[in-house]
Amino acid sequence: MRLLHLPIVGLAALGPALIGQLAVPASAEDYPTRRILMVVPHPAGAQVDVLARLIANRMGEIWGQPVVVEDKVGANGSLGAEAVARSQPDGYTLMVSTNGPLTTNVGMFKSLDYDPLHDFKSVSLICKSATLIASNIAFNVKNLADVIALAKQEPGKLSMGTGGNGTGGHFTWA
């Protein structure tokens, strides 16, 4: 999926909610009437952050209210997830995240300051992504099988990097 398609995917996911608001009789309070906070429990510039900012800009244009993205990083997304879980349940604080804070962290930490099953309501899947493995062009391998064979042949010689424990990259190489 090319990056240019991501905002369209996100807006398509919002479509039913927006249409539903237009078809429902006016309530005591129209939504939104003020700023919306979109918490991203991942680093600024990460894929999730970029996606959230693209969607937030378009949501702000459609709703006529600012949608502010705040990166709240730490503990594999747990700090951001906890902030959203403790926020007022009024729809003005949303989280855009990978599955880590709500699934992976359950197995990584002895306890969490939020309950992934009961403190959140899934609103929409806005994107699917793939894992990419890359190396320096001078590295003489043609495919992943070659990398694995080399790692077995010369233990301890190769190194790799991930976004941290519990991330997709960590589990891919574990």
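Further up the page is the structure itself.
Keep in mind the model is a prediction, meaning the values are calculated, not measured.

Chemist: Can you walk me through the overall build of the protein in this structure?
Modeler: Scanning the protein from terminus to terminus reveals six helices and three strands. Walking the protein from its N terminus toward its C terminus, one meets helices and strands in the order α-β-α-β-α-β-α-α-α. The 174 residues of the protein split such that 28% are buried. Of the contacts made within the protein by residues no fewer than 6 positions apart, 72% connect residues no fewer than 24 positions apart. Carbon and sulfur atoms make up 58% of the accessible area of the protein, which amounts to about 11,700 Å² in all.

Chemist: Any chance you could explain the sheet that holds strand E3 (residues 93-95) here in plain terms?
Modeler: Across the sheet, three strands lie side by side as E2-E1-E3; this open sheet has parallel pairing. Two strands bound the open sheet, and with one partner strand each, they are strand E2 (67-71) and E3. Neighbour-to-neighbour, the strand axes of this sheet turn through a mean angle of 25°, independent of strand direction. Contacts between helix H2 (residues 47-63) and the sheet are confined to strand E1 (36-40), E2 and E3, with E2 contributing the most and set at about 160° to the helix. Across the sheet, helix H3 (residues 78-85) lies against E1 and E3, angled at about 145° from E3, the strand it touches most.

Chemist: Help me out: how do you make sense of unusual backbone geometry in this one?
Modeler: Working note: non-glycine residues mostly have negative phi, and peptide bonds are mostly trans. Residue Pro32 is reached from Tyr31 by a cis peptide bond, and omega for that bond is -10°. Summarising the element assignment, Pro32 is placed in the loop between helix H1 (6-23) and E1. With phi around 55°, Ala75 is a residue other than glycine that occupies positive phi space. Along the chain, Ala75 falls in the loop between E2 and H3. For Ala75, a relative accessible area of 38% gives the class partly exposed.

Chemist: Would you explain the pairing of E1 in this entry?
Modeler: In regular strands, side chains alternate between the two faces of the sheet. In terms of residue burial, E1 counts as a mostly covered element, since five of its five residues are buried. When E1 meets E2, the two strands line up parallel, connected through five bridges. What sits directly across from Met38, in E2, is Val69. Taken together, E1, H2 and E2 form a β-α-β motif whose crossover is right-handed.

Chemist: What exactly am I supposed to notice about the packing of aromatic side chains here?
Modeler: In this description, a pair of aromatic rings is defined by centroid distance and the angle of the planes. Within this structure, the stated rule accounts for three aromatic pairs. Residues Tyr114 and Phe120 carry aromatic rings whose centres are separated by 5.8 Å and whose planes lie at 85° to one another, so their mutual orientation is edge-to-face. Each member of the pair, Tyr114 together with Phe120, is buried. Joined through ring pairs, the aromatic side chains of Tyr31, Trp63 and Tyr92 make up one cluster.

Chemist: Teacher, can you tell me more about a nonpolar patch on the surface here?
Modeler: Residues Ile133, Leu144, Ile148, Met160 and Trp173 make up a contiguous nonpolar surface patch of roughly 440 Å² in combined accessible area. Structurally, the position occupied by Leu144 is in helix H5 (residues 144-153). We classify Leu144 as partly exposed; its relative accessible area is 41%.

Chemist: Is there a simple way to explain the environment of Ala83 in this structure?
Modeler: On the secondary structure map, Ala83 appears in helix H3. Linking Ala83 and Pro41, residues 42 residues apart in sequence, is a C-alpha distance of 9.4 Å.

Conventions and cut-offs
Residues numbered from 1 in each chain as written. Predicted model: local features only at pLDDT ≥ 70, side-chain atom pairs only at ≥ 80, totals over all residues. Heavy atoms only, no water. Helix = DSSP H or I, 4+ residues; strand = E, 2+ residues; numbered from the N terminus. Buried < 20%, exposed > 50% of the residue type's maximum accessible area, 1.4 Å probe, protein only. Contact = heavy atoms within 4.5 Å. Areas by Shrake-Rupley, 256 points an atom, 1.4 Å probe, with all protein chains shown as cover. Pairing = 2+ DSSP bridges. Axes fitted to C-alpha atoms, helices over the stretch in contact; angles between N-to-C directions. Right-handed = clockwise from strand over helix to strand, strands pointing away. Phe/Tyr/Trp six-rings, centres within 6.5 Å; stacked < 30°, edge-to-face > 60°. Patch = residues over 30% accessible without salt bridge, like charges linked within 9 Å, V, L, I, M, F, W, Y side chains within 5 Å. Salt bridge = Lys/Arg side-chain N within 4 Å of Asp/Glu carboxyl O.

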